[in-house]
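# A structural walkthrough
Spelled out, the chains give:
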Amino acid sequence: MTADWTGALERARAHSPFLTRGLERLPALEALLAAGDGEAALAWAKAAGEGASSVASALRREKQALAVALALGDLAGAFDLTRVVGELSAFADRALDAAIADAIRARVSDAQPAGFTALALGKHGAGELNYSSDIDPILLYDPALLPRRERDEPGEAAQRVARTLMQTMSQVDHEGYVFRVDLRLRPASEVSPLAITIDAALTHYESSALAWERAAFIRARVCAGDLAAGEAFLAAIRPFVWRKSLDFGAIVEIERLTQRIRANHSGPAQPGPGFNIKQGRGGIREVEFFAQTHQLIHGGRHPELRLRGTRASLDALAAAGLIDAEDARVLGQSYDRLRTIEHRLQMVADQQTHSLPLDPAALDNVARLDGLADGAALVAELEAITEAVGSRYDRLIAQGARDGASGPVAGIGGAALKHELAQLGFADPQGLAERIEGWRSGRLRALRSEAARAAFDAVLRPLLAAFAAAPEPERALLRWEQLLTNLPSAVNLFRLLEARPALLQLLARILSLAPPLADELARRADLLDPLIDATAFDLPPGVTELVDDFARGEEDDDYQQVLDRVRRRVGERRFALGVQLIEGARDPAEIGRGLSRVAEAALTVLADATVAEFERAHGRVPGGELVVLGLGRLGGGALTHASDLDLVFLFTGDHTAESDGPRPLGATLYFNRLAQRVSVALSVPTAEGALYDVDTRLRPSGDQGPLAVSFESFARYQRESAWTWEHMALCRARPLYGSDGARTELARIVRSVLTLRRDPAKLRQEVLEMRARMAGHKPSKGTLDVKLARGGLVDIEFTAHFLQLRDGIGLVPSLPAALGELAGAELVLPDLPEAQAVLGRFLIASRLLAPDTQAPPLAARAVLAQACGCGDWPGLLKALGESRRTVAAVWTATFGETLETE
């Protein structure tokens, strides 16, 4: 669209006394605008304060010139809304920064403005200031850094800076004013000084802040003064703003705030004279609240949603699939138009107004300033916009009203509760009613607050119905009680279940069927959060994508925060895979491969972080690097939920070299300490729980050997000193961490060991002796122990590894792939790969559904059968028996030894 500068000037003179005066006072600026040179006009406006007698005068002159230049560029169509509000916000930043520096130097003339910072909130923080906005900064100071005279107390000096700043920004004279400044968003504004210490602010936000303050900080940013101190403060309160778990309670809080705003709003409810386009139904604030509510709910889990601008936030929410794309489009376009109309209202007389004029002639004037025919046309447009916004916002807060429900209907108790439990079919309704009343009585920490009990009552009926329909209702209830007992707070859990009722049935099935998943939930109820997303039932992506996901965090995350983040995200992935398994959504073999990718990615991210942390103290060993070899189920790429990680740590380069850091170490000591750190990073429990058990006993010389060895030592040990069982373990070895070149070289070393010439008879004898010793030391744990029982997975592994070492065929880490090659070479029966698949599926599924290797309850039996592709439990037992007999037949054919499988 071509800019219409002539029309803009005509409309400004005809309909805006404020702009008319500005053009008359600034003829040089008017000339640039009349010539259609908007960029030159802006540059002139930004330099309008040069030569002024004071900072305050310079800022007032710049503000007046900038307001005129931006308004005319806006009316002409040369500057879009984003440009206009961005320029106004940038000027507010410059003005505050200059005012702070001037206030400090008024007392300490040669001081740098350290130790005093301004945070921008609201539209200023979002970079969305309007023409007549006030600004709502929070002023913070550090007593140790703030420049002051020797006799001044830090607090007194800070308040003097704040008062001087306020006078500079707000004083009105013949040149106008800079900005109205409102400091009421600061902590405890009714009793606190104008500027507060950073420590006092931290204490407030960590302990006693209100819900609206959390919403306000969505758009907070450091805008002036000591920027580094301000950024450190915002980083410190990030957990207050962005909760780790989904927070559907935000809807309740926003709904309450909306009701208060609507109740206190005395103007017309529908567009017309006097209608407030900011506070009225379907107005500016409701678009902002719509975006902010979803950001508060999901922003803790989705850093990409932590945006300040309203349009950008709506687009990000739509891109993440959290709001409908059409809603984002309608709300975004409506917001832009509402903000433009807001600007027209304020351009008339530079008044901070958001209401349509009551006088019909004044309403026509605003409409014509905007280029419309009259006030009726403006009202008609607003009717359509506010209805589109209001209907969408009403649906959102209606959910909050449901989530906040409490009282007699939701809070059933006594005889009514007993009757309802009986109707649902619980075996002991009286006893269960008493247990529930016991929960409510305050015995459980998670239900001691009024808010927690109200949220619990709101979800109680559908929760009980879900438990009644669960495969094992009593088991589900018992584990639910254990979950509540372990949780310090459950408000977010209750509100999540209320907001997403479909999770109730899933929760009941988890608690009924899978003890390990129930135990995880008892430690971390927020593991349910990702399940609201349909992608929770997708398999994990490739290792590279998982590494990117696990590594993605805040720029200022320290090492401990990396450990915590990886534990959270791995826990969520593992839990989601477990749910996929019990829901029959995936083949257990796919689950096993997914678990392996997750573990490999976690190893990569944590090893990278640990190496970086270690290098800060000890530097690098020239020509050397840490390399990690995976063995066992991890090496084979098929973990279960109960698997540990079998790892061997190695290093490249000269073992006599020394690191180049502040605290140098010899290469061997360096890499052994580094390996220990990586092992701890993978295994030590943190505030987010444990991650993996790490087993390093398969390293050269086992527990008696060093934790990390050089490639040279590893190769020599494997060729000269290793036992046959150690070479068998290498059949499933896979380099997992290190540079491409190092992993390729390690894979070459492993293959060279596996292809050594061997005496077949000696190899057979050693394999049989080893299996006999294992059977004596680690007997089968139960009828369903398909791993250790004869004819089970261990016998398949021994058979495969014997043949791999004897014939050099099938030398791949994946056991199914190796068996396929061995079967293709006619070294094993063609039925063995399928027998391994049946037993392998059962092992992965039973780690969740029958973790004690005993026959599980009836409902879990059905799920196990389904997971393994069998119609029912007897069919599954038959398939397991046939598979074990196949294994026994292959064992006999391979070793000439009969295997008893019954």
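Refer to the preceding data block for the structure.
Figured I'd write up the structure that's included with this text. Note that the structure is predicted; figures quoted are calculated from it, not measured. Note on numbering: residues in each chain are counted from 1, in written sequence order. The predicted nature of this model means local features are confined to residues of pLDDT at least 70 and side-chain atom pairs, given and counted, to a pLDDT of 80 or more, with totals for whole chains, interfaces and linings taken over all residues. Hydrogen atoms and water are omitted, and side-chain values are computed over all heavy atoms in the structure.

### Concerning the overall build of the protein
Keep this limit in mind: Helix and strand definitions here come from DSSP, where helices need a minimum of 4 consecutive H or I residues and strands a minimum of 2 consecutive E residues; each element is numbered from the N-terminal end. Throughout, exposure labels follow a simple rule: accessible area from a 1.4 Å probe, protein chains only, divided by the maximum for the residue type, with under 20% read as buried, over 50% as exposed, and the rest as partly exposed. In this description, accessible areas are obtained by the Shrake-Rupley approach with a 1.4 Å probe, and a residue is regarded as covered only by the protein chains that are shown. Neither His nor the chain ends is counted toward charge; the positive residues are Lys and Arg and the negative residues Asp and Glu. Here the site of a charge means atom NZ of a Lys, CZ of an Arg, CG of an Asp or CD of a Glu.
The helix and strand tally for the protein stands at 39 helices and 9 strands. Dimensions of the protein along its principal axes, counting C-alpha atoms only, are 105 × 75 × 60 Å. Burial analysis of the protein (902 residues in total) assigns 56% to the buried set. Put simply, the protein shows about 36,600 Å² of open surface, and 51% of that area lies on carbon and sulfur atoms. The averaged location of the 119 negative side-chain charges in the protein is 3 Å from the averaged location of its 102 positive side-chain charges.

### Concerning the environment of Asp795
What counts, and what does not: Two residues form a contact once any of their heavy atoms are found within 4.5 Å. Pairing of N or O atoms within 3.5 Å defines a polar contact, subject to two protein rules: one partner must be a possible hydrogen donor and the other a possible acceptor, and residues neighboring in sequence count only if both atoms are side-chain atoms.
Take Asp795: it is sitting in helix H35 (residues 793–807). Along the sequence, Asp795 and Gln482 sit 313 residues apart, while their C-alpha atoms lie 39 Å from each other. Beyond its immediate chain neighbours, meaning those up to four positions away, Asp795 contacts Arg771, Ala789, Arg790, Val887, Trp891 and Leu899. At a separation of 2.6 Å, a polar atom in the side chain of Asp795 contacts the main-chain amide nitrogen of Gly791.

### Looking at the sheet that holds strand E2 (residues 138–141)
Formally: Pairing between strands requires that DSSP locate at least two bridges from one strand to the other. Think of each axis as a best-fit line through the C-alpha atoms, taken over the contacting stretch in the case of a helix, with angles from 0 to 180 degrees between the N-to-C directions.
The sheet built from 4 strands is open, its strands ordered E3-E2-E1-E4 with mixed pairing. A single partner strand is all that each edge strand has here, and the edge strands are strand E3 (195–197) and strand E4 (221–225). Strand-to-strand twist in this sheet, taken as the mean axis angle between neighbours without regard to direction, amounts to 35°. Judged from the 4 bridges that link them, strand E1 (residues 116–120) and E2 form a sheet pairing that is antiparallel. Looking at E2, one finds that Phe116 is bridged to Tyr141. Helix H9 (residues 198–207) contacts E2 and E3 of the sheet and is inclined by roughly 80° relative to E3.

### Brief notes about the nonpolar core
Note that soluble globular proteins tend to have their nonpolar side chains buried in a common cluster. Quick note on the threshold: The set of buried Ala, Val, Leu, Ile, Met, Phe, Trp, Tyr and Cys residues whose side-chain atoms join them within 4.5 Å is what this entry labels a nonpolar core.
Ranked by internal contacts, the top residues of the largest apolar core, which has 175 residues, are Trp480, Leu528, Leu629, Phe714 and Leu849. With 13 residues, the single largest contributor to this core is helix H28 (residues 588–618). For Leu849, the contacting residues outside a window of four places in its chain are Leu513, Leu581, Ile582, Pro856, Ala860, Val863 and Leu864.

### So, the packing of helix H25 (residues 515–523) against helix H27 (residues 559–582)
The packing of two helices is summarised by the inter-axis angle and the distance between the axes. Put simply, the rule reads: Crossings are assigned a handedness: left-handed for a near helix turned anticlockwise from the far helix by less than a right angle, right-handed for a clockwise turn. The residue classification treats Ala, Val, Leu, Ile, Met, Phe, Trp, Tyr, Cys and Pro as nonpolar and Asp, Glu, Lys and Arg as charged. All others, Gly included, are polar.
For the pair H25 and H27, interaxial distance at closest approach is 10 Å and the crossing angle is 145°. Regarding H25 and H27, the two cross each other, and that crossing is left-handed. Counted together, Leu517, Glu520 and Leu521 of H25 and Phe575, Gly578, Val579 and Ile582 of H27 form the full contact between these two elements. Residue composition of the contact of H25 with H27, grouped by class: 5 nonpolar, 1 polar and 1 charged.

### Thoughts on the packing of aromatic side chains
Which entries qualify depends on this criterion: By convention, a stacked pair of Phe, Tyr or Trp rings (six-membered ring in the case of Trp) has centres within 6.5 Å and planes under 30 degrees apart, an edge-to-face pair has planes over 60 apart, and any other such pair is tilted. Definition used: whenever NZ (Lys) or CZ (Arg) falls within 6 Å of the ring centre and also within 35 degrees of the ring normal, the charge is taken to sit over that ring.
Counted by the stated rule, this structure contains 14 aromatic pairs. Between the aromatic rings of Phe651 and Phe671, the centroid separation amounts to 4.8 Å while the plane-to-plane angle is 10°, which identifies the pairing as stacked. Here Phe651 is found in strand E6 (residues 645–651), whereas its partner Phe671 is found in helix H30 (residues 667–683), with 20 residues between them in sequence. A residue is classified by how much of its surface remains accessible, and Phe671, at 2% relative accessible area, is buried. Members of the aromatic cluster, each reached through a chain of ring pairs, are Trp439, Phe456, Phe467, Trp480 and Phe494. Cation over ring: Arg83 sits above Phe79, and NZ or CZ is 5.0 Å from the ring centre. Positioned above the aromatic ring of Trp891 is the side chain of Arg790, whose terminal nitrogen or guanidinium carbon lies 5.3 Å from the ring centre.

### Comments concerning the pairing of strand E5 (residues 626–631)
Of all 6 residues in E5, 6 are buried; the element is thus mostly enclosed. Residues of E5 alternate between two faces, with Leu626, Val628 and Gly630 on one and Val627, Leu629 and Leu631 on the opposite face, all of them buried. As judged from the 6 bridges shared by E5 and E6, these two strands associate in the antiparallel manner. Looking at the pairing, Val628 lines up with Phe649 of E6. Where E5 meets strand E9 (residues 734–737), 3 bridges bridge the pair, whose relative direction is antiparallel. The residue of E9 that forms the bridge with Leu629 is Pro735.

### Some thoughts on unusual backbone geometry
One non-glycine residue, Glu826, lies in positive phi territory at about 60°. In this structure, Glu826 sits in the loop between helix H36 (815–824) and helix H37 (832–849). Of note, Thr853 is a non-glycine position whose phi angle comes to about 60°, a positive value. Structurally, Thr853 can be placed in the loop between H37 and helix H38 (858–867).

### So, helix H34 (residues 760–777)
Note the threshold: Helix span, expected: 1.5 Å multiplied by one less than the number of residues in the helix. The arc in question is formed by the directions pointing from the helix axis toward the C-beta atoms.
Look at H34: 26 Å from first C-alpha to last across 18 residues, which is about the 26 Å you get at 1.5 Å a residue. Regarding H34, the residues found buried are Leu763, Val767, Leu768, Met770 and Arg771. For H34, the angular spread of the buried residues around the axis is 160°, confining them to a single face. When the buried face of H34 is taken as reference, the exposed residues oriented beyond 90 degrees from it are Ala761, Gly776 and His777. Among the structural elements, helix H32 (724–730), H35 and helix H39 (873–895) are those in contact with the buried residues of H34. Its side-chain oxygen 3.1 Å from the backbone nitrogen of Ala761, Asp759 forms the N-cap of H34.

### Details of the packing of helix H24 (residues 502–513) against H25
Running from amino to carboxyl end, H24 crosses H25 at an angle of 120°, the nearest separation of the two axes being 6 Å. Considering only the axes of H24 and H25, their crossing is left-handed. For the pair H24 and H25, contact is made by Leu507, Ile510, Leu511 and Leu513 and by Pro515, Leu517, Ala518 and Leu521, respectively. Classifying every residue of the contact of H24 with H25 by side-chain character gives 8 nonpolar, no polar and no charged.

### A word on the side chain of Asn672
Topologically, Asn672 is positioned in helix H30. Excluding anything up to four places from it in sequence, Asn672 contacts Pro706, Leu707 and Ala708.

### Some points on the environment of Leu26
For Leu26, the position within the fold is in the loop between helix H2 (17–25) and helix H3 (27–34). Measuring from C-alpha to C-alpha, the distance between Leu26 and Gly431 comes to 84 Å, with 405 residues separating the pair along the chain. When near neighbours in sequence (up to four residues on either side) are disregarded, Leu26 contacts Trp44, Gln64 and Ala65.

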